[in-house]
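Residue strings, one per chain:
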Amino acid sequence: MQHWAIHFIFRIAIICVIFFVFLAIFSGDGSSDAMGNGLESAFSLVVAFTIILIGAVVFLGREYVRLSREKAYAKAACNIVIIISLLLVPIIVLSIG
């Protein structure tokens, strides 16, 4: 991957796919009432996003260090943008609610 845009799109696609896989894993069978399904869905969203957030910060942070040492500053900046955008989501959600 030579170009930073491909690096960026590839990382975002991987994060989205892993998020939906975790969401499918943590969502229930739907055998409860409507309120229970809603609470279970909200809980599975929070758990899936938390796992993605922690994993992405660790993986992209380590990759940022490696890319900085290789002097691939554009790709390293993409990792920082992704980390910042992932960290802003809980802040925005908490400020709205």
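Bear in mind the structure is a predicted one, so any value in this text is a computation, not a measurement.

By size, the foremost hydrophobic cluster in this structure holds 12 residues: Ile15, Phe19, Leu23, Ala48, Phe49, Ile52, Leu53, Ala56, Leu60, Ile82, Ile83 and Leu86. Among the elements of the structure, helix H1 (4-26), helix H2 (34-69) and helix H3 (73-96) are those that each provide at least two residues to this core. Element by element, the count of residues in this core is highest for H2, at six residues. Beyond its immediate sequence surroundings of up to four residues, leucine 86 is in contact with Ile15, Phe49, Leu53 and Ala56.

Attention now moves to the state of the cysteines. Counted according to the given criterion, the structure contains zero disulfides. This cysteine, cysteine 16, is not joined by any disulfide, and cysteine 78 carries the nearest cysteine sulfur, 15 Å off. Look at cysteine 16 and you get partly exposed, because its relative accessible area is 37%.

Here the structure, examined in full by the defined rule, presents three salt bridges. With a closest N to O distance of 2.4 Å, glutamate 63 and arginine 11 form a salt bridge. In this pair, glutamate 63 is assigned in helix H2 and arginine 11 in helix H1, connecting sequence segments 52 residues apart. The exposure class of glutamate 63 is buried, given its relative accessible area of 7%. Taking the shortest distance from any N to any O, the salt bridge between glutamate 70 and arginine 66 comes out at 3.2 Å. Take arginine 66: its relative accessible area is 41%, and that puts it in the partly exposed class.

Attention now moves to the packing of H2 against H3. Look at H2 against H3: their axes get within 9 Å of each other, and the N-to-C directions meet at 160°. Classed by the angle they form, the pair H2 and H3 counts as roughly antiparallel. Judged by the sense of rotation from one axis to the other, the crossing of H2 with H3 is left-handed. Contacts between H2 and H3 involve Phe49, Leu53, Ala56, Val57, Leu60, Gly61, Glu63, Tyr64, Leu67 and Ser68 from the first element and Tyr73, Lys75, Ala76, Asn79, Ile80, Ile82, Ile83, Leu86, Leu87, Val89 and Pro90 from the second. A class-by-class count of the residues in the contact of H2 with H3 yields 16 nonpolar, three polar and two charged.

What counts and what doesn't
- Residues numbered from 1 in each chain as written.
- Predicted model: local features only at pLDDT ≥ 70, side-chain atom pairs only at ≥ 80, totals over all residues.
- Heavy atoms only, no water.
- Core = buried A, V, L, I, M, F, W, Y, C linked by side-chain atoms within 4.5 Å.
- Buried < 20%, exposed > 50% of the residue type's maximum accessible area, 1.4 Å probe, protein only.
- Helix = DSSP H or I, 4+ residues; strand = E, 2+ residues; numbered from the N terminus.
- Contact = heavy atoms within 4.5 Å.
- Disulfide = S-S within 2.5 Å.
- Salt bridge = Lys/Arg side-chain N within 4 Å of Asp/Glu carboxyl O.
- Axes fitted to C-alpha atoms, helices over the stretch in contact; angles between N-to-C directions.
- Parallel < 35°, antiparallel > 145°, perpendicular 65-115°, else oblique.
- Left-handed = near helix turned anticlockwise from the far one by under 90°.
- Nonpolar A, V, L, I, M, F, W, Y, C, P; charged D, E, K, R; others polar.

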